[in-house]
Amino acid sequence: MFEMFHELFEGFALGSTNSTCPAFVDGPNICLPPLKVPFYFAMRQNLFDSISDNILALAAPIVAYWTMSLFFHCLDTSGWSWLDKYRIHESKEVVSRNRATRSEVIWAVIVQHTIQTLLGYYWLSEPPHISASRCMMEMETAGKTLVQLVRWALGTEAVEYFLEPRGAEITHWLYWWGMPAAQLLFSLFIVDTWQYFLHRWMHSNKYLYKHFHSVHHRLYVPYAFGALYNHPLEGFVLDSFGAVLAETVANLSVRQTMFLFAFSTMKTVDDHCGYSLPFDPFQMFSGNNANYHDIHHQTIGIKSNFSQPFFIHWDAILGTRMTRKDIEERKRKREDKTT
């Protein structure tokens with residue numbers, strides 16, 4: 001048996017000094033202090049008394065979509081000349097080159113939002129009861145798992161060396177920050193992977209492109225509220241089901257799901273906004289931004305830049321990435337051949 005961690009969680013207590021000491025199998029006892037909840041977590045069953053978290057998770061992406069789209073629509077119609085240098089295309093191109101009317105786009109998005117809401121309503125289960133005691137039990141489990149993993153990977157001496165003086169801090173960070181962040185990053189990876197390979201398949205398969213994905217490419221010049229302009233079946237499989245799949249595989253809580261749905265929606269809208277803005281936080285998030293995705297909507301790049309909506313690793317790994325520099329190089333080579 002290891003020696004007991006002396007005051008392992010000392011310094012994390014707020015308020016009462018009572019603690020619980022769960023016994024570990026073949027390991028030390030860890031004395032947990034009263035729960036210290038980080039700023040982002042609300043110790044209540046629902047964030048709003050009159051709205052369940054499940055309903056809020058379903059409403060969040062819709063509210064995010066139309067709010068952010070309205071913001072970019074206001075930019076489009078503002079007439080501010082200083083925006084011209086950030087526009088990827090001239091405003092007149094939206095009307096002259098796109099083959100879908102604004103009303104067609106709006107109705108298609110409404111249909112997709114209806115489908116994704118129904119899917120989410122039947123998919124999301126009621127969240128477990130939120131309480132301090134439940135959080136403490138889960139933190140105890142996290143601490144126990146941490147000890148077992150360190151002992152398995154590094155041996156008994158490492159457990160005593162690393163965890164005895166700082167086990168409380170590590171366990172607290174893992175439970176409230178490390179594991180939730182890892183779950184969310186994993187969910188983003190799942191969404192990217194799902195969408196990359198399905199998206200690429202829809203371009204390589206002539207039937208799928210002609211009957212389904214070509215609908216989205218009727219917007220040769222993308223704009224914000226056209227981000228989810230798709231064939232309904234494509235919208236269901238590529239976007240809605242992909243998000244639900246990520247939520248399930250990553251085992252997200254309802255509030256993490258709320259964040260994933262809203263964040264991915266806002267990122268998708270931003271990727272179709274038509275602006276390359278240096279101060280846009282979504283465009284600073286990764287190289288997969290409005291400029292990157294716009295290349296895919298052009299004839300020269302339609303067989304490239306399949307990654308969406310977060311990162312570009314699949315394009316980079318599988319050789320389907322195209323940049324503005326690549327386009328200029330291709331144009332230069334064509335000009336050289338004609339001269």
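Residues numbered from 1 in each chain as written. Predicted model: local features only at pLDDT ≥ 70, side-chain atom pairs only at ≥ 80, totals over all residues. Heavy atoms only, no water.

In the annotation of an unreviewed UniProt entry, the chain is listed under the name Fatty acid hydroxylase domain-containing protein and assigned to Paxillus rubicundulus Ve08.2h10.

## Thoughts on the overall build of the chain
On a plain count of helices and strands, the chain comes out with 12 helices and 0 strands. The buried share of the chain, taken over its 339 residues, is 47%. Sequence-distant contacts in the chain: of pairs separated by 6 or more residues, those separated by 24 or more amount to 70%. If you sum the accessible surface of the chain, you get close to 18,200 Å²; carbon and sulfur atoms cover 64% of it. (Helix = DSSP H or I, 4+ residues; strand = E, 2+ residues; numbered from the N terminus. Buried < 20%, exposed > 50% of the residue type's maximum accessible area, 1.4 Å probe, protein only. Contact = heavy atoms within 4.5 Å. Areas by Shrake-Rupley, 256 points an atom, 1.4 Å probe, with all protein chains shown as cover.)

## A word on the packing of aromatic side chains
All chains considered together, the criterion is met by 27 aromatic pairs. When the centroid spacing of 5.0 Å and the interplanar angle of 70° are considered together, the rings of Y40 and W177 count as edge-to-face. A residue pair is termed long-range when its members are at least 10 positions apart, and Y40 in the segment before α1 (53–78) and W177 in helix α5 (residues 156–204) qualify at 137 residues. Given the relative accessible area of 37%, Y40 is considered partly exposed. What makes W177 partly exposed here is its relative accessible area of 36%. What links up through ring pairs into an aromatic cluster is the set F259, F263, F282, F285, F310 and F311. Here the guanidinium or amino end of R102 rests over the ring plane of Y223, the centre of that ring lying 4.3 Å away. Against the face of F41 rests R255, its NZ or CZ located 5.6 Å from the ring centre. (Phe/Tyr/Trp six-rings, centres within 6.5 Å; stacked < 30°, edge-to-face > 60°. Lys NZ or Arg CZ within 6 Å of the ring centre and 35° of its normal.)

## Notes on the pattern of salt bridges
Throughout the structure, instances matching the rule amount to 9 salt bridges. One salt bridge connects R218 with E104, and the closest N-O pair in it is separated by 3.7 Å. With R218 in the loop between α6 (206–211) and α7 (232–249) and E104 in helix α3 (residues 102–123), this residue pair connects regions lying 114 residues apart in the sequence. For D294, the salt bridge is made with R324, and the minimal N-O distance between the two is 2.9 Å. Taken together, the residues D294 in helix α10 (residues 290–297) and R324 in helix α12 (residues 324–338) connect sequence positions 30 residues apart. (Salt bridge = Lys/Arg side-chain N within 4 Å of Asp/Glu carboxyl O.)

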